[in-house]
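So the chains spell out like this:
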Amino acid sequence: MTDRPITLLSDPRVAAVPVIDCGEPLFDLRKLPALLLDDRQADEAGDYARLRIGLTDRLLVAQSKLPPA
């Protein structure tokens with residue numbers, strides 16, 4: 001266990017980190033029923049459902065290691 005304080009997403013230091021687009025395509029999770037998607041924060045453009053393909057792949061691997069619900 002560490003004594004480091006927790007950094008909140010609202011911390012200005014988080015917003016100060018520059019975003020550099022890696023160019024990896026986005027994937028619309030609504031096209032993949034294998035992953036459950038919470039649509040309570042849905043927007044009309046569907047941006048809430050788009051993730052980088054690499055992250056989508058890692059989520060599928062992580063989900064496959066979970067015990068059945």
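Anything mentioned here points back to the structure above.
Please read all numbers here as calculations on a predicted model, not as lab measurements.

A. Inspection of the overall build of the chain at higher detail. When helices and strands are tallied, the chain shows 2 helices and 2 strands. Each helix and strand of the chain, ordered N terminal to C terminal, gives the series α-β-β-α. A globule of 69 residues ought to have a C-alpha radius of gyration of about 11 Å, yet the chain, at 16 Å, is considerably larger. If one aligns the C-alpha atoms of the chain with their principal axes, the spans along those axes are about 40 × 35 × 25 Å.

B. Highlighting the environment of Leu66. Position of Leu66 relative to the elements: it lies in the segment after α2 (53-64). Once the C-alpha coordinates of Leu66 and Glu44 are considered, the two residues, 22 residues apart in sequence, prove to be 31 Å apart.

C. Representation of the side chain of Asp11 within the structure. Among the structural elements, Asp11 can be located in the segment before α1 (12-15). Classification of Asp11 as buried rests on a relative accessible area of 17%.

D. The arrangement of the pattern of salt bridges in detail. Counted according to the given criterion, the structure contains 5 salt bridges. Residues Asp28 and Arg30 are paired through a salt bridge, measuring 2.7 Å at the closest nitrogen-oxygen approach. When the shortest N-O distance is used, the salt bridge between Asp38 and Arg40 registers 2.5 Å. Judged by relative accessible area, Asp38 falls into the partly exposed class, the value being 42%.

Thresholds, definitions, all that
Residues numbered from 1 in each chain as written. Predicted model: local features only at pLDDT ≥ 70, side-chain atom pairs only at ≥ 80, totals over all residues. Heavy atoms only, no water. Helix = DSSP H or I, 4+ residues; strand = E, 2+ residues; numbered from the N terminus. Rg over C-alpha atoms; globule rule 2.2 N^0.38 Å. Buried < 20%, exposed > 50% of the residue type's maximum accessible area, 1.4 Å probe, protein only. Salt bridge = Lys/Arg side-chain N within 4 Å of Asp/Glu carboxyl O.

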